[in-house]
Each structure stands twice: as C-alpha cells, then as structure tokens.
Amino acid sequence: MISFFVVGFAALFILALVGFLLYASPGAKKKTDIPGPPPSDKLLGNLPDIGKAGSLHEFLCDLHAEHGPLAGFYFGQQFVVSLASSELMRQTVRLFDRPPELFKLFEPLIGPKSIQYANGLDGRTRRNTFDRAFSHEAVGRTFPVLDECADELIEKLRAMAAKGERIPLSRFCIGLAIKAILRVTVEPDSASLPDEQVAQLKSCYDLAWNEMEARLTQGEPEAGDHRVQAFNDALSHLHEFVDSTVRRRSAMKFDSDVDKTFADLAIELHAKDAEALRSDVITYMVGGFHTSGYLLLWALYYAIQHPNLADRLRAESAEVLGAAGEANMAAIGQMTFHRAFLDETMRLSCLAPFAARVSDTEVEVGGHTLPAGTPVIQALGAAGMCSEAYPEPDDFNPDRWTGQQLFEPFGFGRRKCPGYRLAYAETALWLSRLLAAFRFRLVDETYTAVSSFGLLTKPKEEVWVLAEALID
Ligand code: HEM
C-alpha cells in the first residue's frame, strides 16, 4: 500500500492527512450531492487515485476538469470538498480556521505551537498582532535592507560571470531570501548573515524537511538510527539560531512601535511561552524564505525562456525606478508588468497549490450546504490551470493579468498569507535588479524544469545558468 505514496511530496502530505481523516473524525461522511468520483477503495477512498495522478495538485486538476470547479472526493472515509474557482473560494472568505492536522507533516520543523495550527481566538490574536509587522508602511521600510541584500548577490554573481562560472540559481535565490527574511523579520540593523551561516541554515532546513518526508515513506527511524541523530542535530541548530537571535532582540528597548519587527511583536505576545515564540519565529522564517526564494527562481527561469518579456521588465524598471531614484512602495506599485509577471509565475509554477479551511458550523458554498467539520480545500493551483478562466493555461502569458486580479495566489480572507506585501515587494525589486545587471541563460539549453508538487512547488533539480554582466 505504501508504494503508491512514493510519488512525491504531495502524496506524502495526503498520507499525513489520511491519518487525521480516518481516525480523528471518522463520523464525517458525504451528506451532499456535490459531484465527484466514488471512492475507489472502501477504506482508502480516492487515495489510490491521488497516487496514480502523481500528487494531490495533479489529482485536483483532473478532478476539477471532469467535475467542475466544485467537487468532492474521499480522503479515506472522509468526504472533502475542493474549490477551484475564485468565485467559489470567495464564498469561504469569512472562514478563518484551518484543519490543523492537514499540516501535521511539518510539525517536527515548525513545532506544535506554531501559528499554523492556531485557530479561533488564539489564531486571530496572533494574526492581529503579527500583521502589524507586514503592513504597507512596514514593508515600505524594508527597501534599504532588500536593496543591500540584492547588492551583495549582484557583486557575487558579477565575479562568477567574469570567470564564466556556472551558477546554481536555486541555491542563490534561496540564500538571498534567507538573508532578507532574517533581517526584515528579526534584525534590520544587523549586518548581513555570513554565507557560511546561510548555507548551514539552508542545509538544516533541507535536512529536516527531507527527514519529515522520509518518515512518511519509510516510517519512523529506529532509536539509534543515524537519521534520528542527523534530524535532531539539524533541529537543535535551528533552535539555537532562533533562540540566540530572540535573546539578542529581547534586550532591545523601543521608543515607538514603528521600530518593532515581527520578532519583537512575537517576543511581547509570547512573553510567557518560549515554545510558542520559537515555533512562530521558525514558521515565519521558513514561510518567508522558501516561498519568496522559489518565486524568484521561477520568475528568472521564465524570464530566461522569454527574452522578449525579460526586456519588457528591464524597460519598465528603468523607466519607473529610474524616475523614482530609489525603490519604494509607490514605485513598486507602478511596476504593473512586474506584478503581472510575478502573478503569472505563481499561476504557471503552481507555487503554493493549496490553502484549506474548516468550520465548526455548516457552510454554504456554490448552492450546497457543507456539514460542520467538512475540510474545504482551496485549490489555488488547479484554479490557475482552468482553461475557462485562463485560455491556453500552459502558456506563460503575463498580459492575461494586466488590469485584473483573477485569483489570489496568497489565499483568501483574514487568514491569507501575512507575507504577501513583502513577497511582492522583494521579488519585484530583486527581479528588476538582477535583470538590469545580467542576461542569464541556461547552461544546458535543452533543460526544462520538472516540477515537484508539494505544499510548495519546486523544480526537481538545481537550475544551472550562466550570467553575462550588462552594467558595471
Ligand atoms: C511568494 C511568496 C508566498 C506565497 C505564494 C505564500 C503563500 C501562502 C499561502 C497560500 C498561505 C496559506 C494562506 C491561507 O491559509 O489562506 C500562506 C500562509 C502563510 N505564509 Fe505565506 N506565502 C508567501 C510568502 C510569505 C512570506 C514572505 C512570509 C513571511 C512573512 C510568509 C508567511 C506565512 C505564514 C506565517 C503563513 C501562515 C499564517 C497563518 O497561519 O495565519 N509567506 N502563505
């Protein structure tokens, strides 16, 4: 039974979920006439079909292509509803709670007290407090740091370009995002983190992430297995890093709330709960760097594939940033082609394919009444590949976004991603800076990125490029 789960990260995610669905809420059965396939296995429901599709995202694309934008299926014995149109997702906009068990897979990394699992008043209080650090004004204050991080990378790439060295684009994009998120969310005034420490943090994150996947496919390692030691070492390194950063920051005094970063707000809110503090800092740190890092990577990859569009990006940033003299929220807001390019990148790469909600009361959606406790998946990735909403969905076409916001790649409602303004600001700035400084090309011109679909979509392999410097 396990073998068909070894098809990718999303299938692992399903396996984690099925435990919850089978055992945590066995009473919730289908009580509506929502279209969808019958369960293909009495116990496993449609899980074998998800295994055959390759990932949850791919299964949802097939499901919605056949049954329309509102469809249901069985995770084990639990009926789950999936929505794949922005109109339907908007009908769930008032829902705040998230089925915590759905993200149980990540608990060893982010910790059980993470905001990821906080619902009701607790979740709302944390969001009301932390969102202040990601307001329009707060993000506006991050540009000097974001610019410095870009300067540092550009200098490094320029040296590599001069020597004709191959550039591992994923590694550099993630490294840039790690440096930026630490300064933006914790210590803006600190010096940039040394490369060795960034590399160590990334490798701890990679190791912890891979181990969580391995536990699902291969089972829990036995006591004494080297995997246990490696995982614990990686985790304690992450904990030490976060704890020492928090300790340093706790000693700070502030004249005004404006100077407080996310970490400062978290230190105040979790003054009596060190575990919740550590969990939330790790959640925002990881949530902030892997998403933005891979968005930048995919955007650069599409820019390499579409040199004419890359030239349009260069022209726009020369015009807007050239006139503004410096990057700021107003200038980034005027870079509408950058915004469209990033939205199209998130759509076509399916960067973050799902969000999910649950309610302890009945929910009305698409003319159906869903029983309380029914998990609702907002299939952001599948919605983005719908040919009615996006004609020729496999084409990379940023112009389809011009003048309209078709769907929300960051989710819906009060619980949408808290980092969306920061993500747009930093990736638009970095994209424009990198394309102004270099023309990139693939080392292997026949290379096509193959996606690994999970909670986050990444290329399966490193993307190797060469850079030609455009300016000194
Ligand atoms: C391209 C970049 C990003 C994408 C596509 C993305 C996408 C998402 C999505 C789809 C969700 C689920 C929202 C929902 O349930 O409705 C989410 C949640 C979250 N994101 Fe992001 N995100 C990005 C960047 C960031 C950044 C920069 C941060 C750091 C500030 C961040 C921190 C978080 C956190 C902490 C949550 C959970 C919030 C909660 O539990 O209430 N994300 N993100």
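Everything below is about the structure shown above.
About the thresholds
Residues numbered from 1 in each chain as written. Predicted model: local features only at pLDDT ≥ 70, side-chain atom pairs only at ≥ 80, totals over all residues. Heavy atoms only, no water. Helix = DSSP H or I, 4+ residues; strand = E, 2+ residues; numbered from the N terminus. Expected span 1.5 Å × (residues − 1). Buried < 20%, exposed > 50% of the residue type's maximum accessible area, 1.4 Å probe, protein only. Arc of directions from axis to C-beta. Salt bridge = Lys/Arg side-chain N within 4 Å of Asp/Glu carboxyl O.

Q: Help me understand helix 3 (residues 56-67), please; the structure alone is not making it clear to me.
A: What sets the pattern is the α-helix's 3.6 residues per turn: residues three or four places apart point alike. Taking 1.5 Å as the rise per residue, helix 3 with twelve residues should run 16 Å; its terminal C-alpha atoms sit 16 Å apart, in good agreement. Buried within helix 3 are the following residues: Leu56, His57, Phe59, Leu60, Leu63 and His64. The buried residues of helix 3 occupy one face: seen down the axis, they fall within an arc of 155°. Away from its buried face, by an angle of more than 90 degrees, helix 3 presents the exposed residues Ala65 and Glu66. Gly68 occupies a position one or two residues after helix 3 and carries a positive phi of about 95°.

Q: Sorry, what's going on with the pattern of salt bridges here?
A: Oppositely charged side chains can pair when the atoms bearing their charge come close. In total, this model carries 28 salt bridges according to the counting rule given. A salt bridge links Arg132 to Asp257; the shortest N-O distance between them is 3.2 Å. In this pair, Arg132 is assigned in the loop between helix 6 (120-130) and helix 7 (136-140) and Asp257 in the loop between helix 11 (226-250) and helix 12 (262-269), connecting sequence segments 125 residues apart. Its salt-bridge partner being Asp399, residue Arg312 comes within 2.9 Å of it at the nearest N-O pair. Taken together, the positions of Arg312 in helix 14 (residues 307-324) and Asp399 in the loop between helix 17 (380-384) and helix 18 (420-437) put the pair 87 residues apart, joining distant regions of the chain. Using a relative accessible area of 37% as the deciding quantity, one classes Arg312 as partly exposed. Within the structure, one salt-bridge network assembled from shared partners comprises Arg132, Asp257, Lys260 and Glu268.

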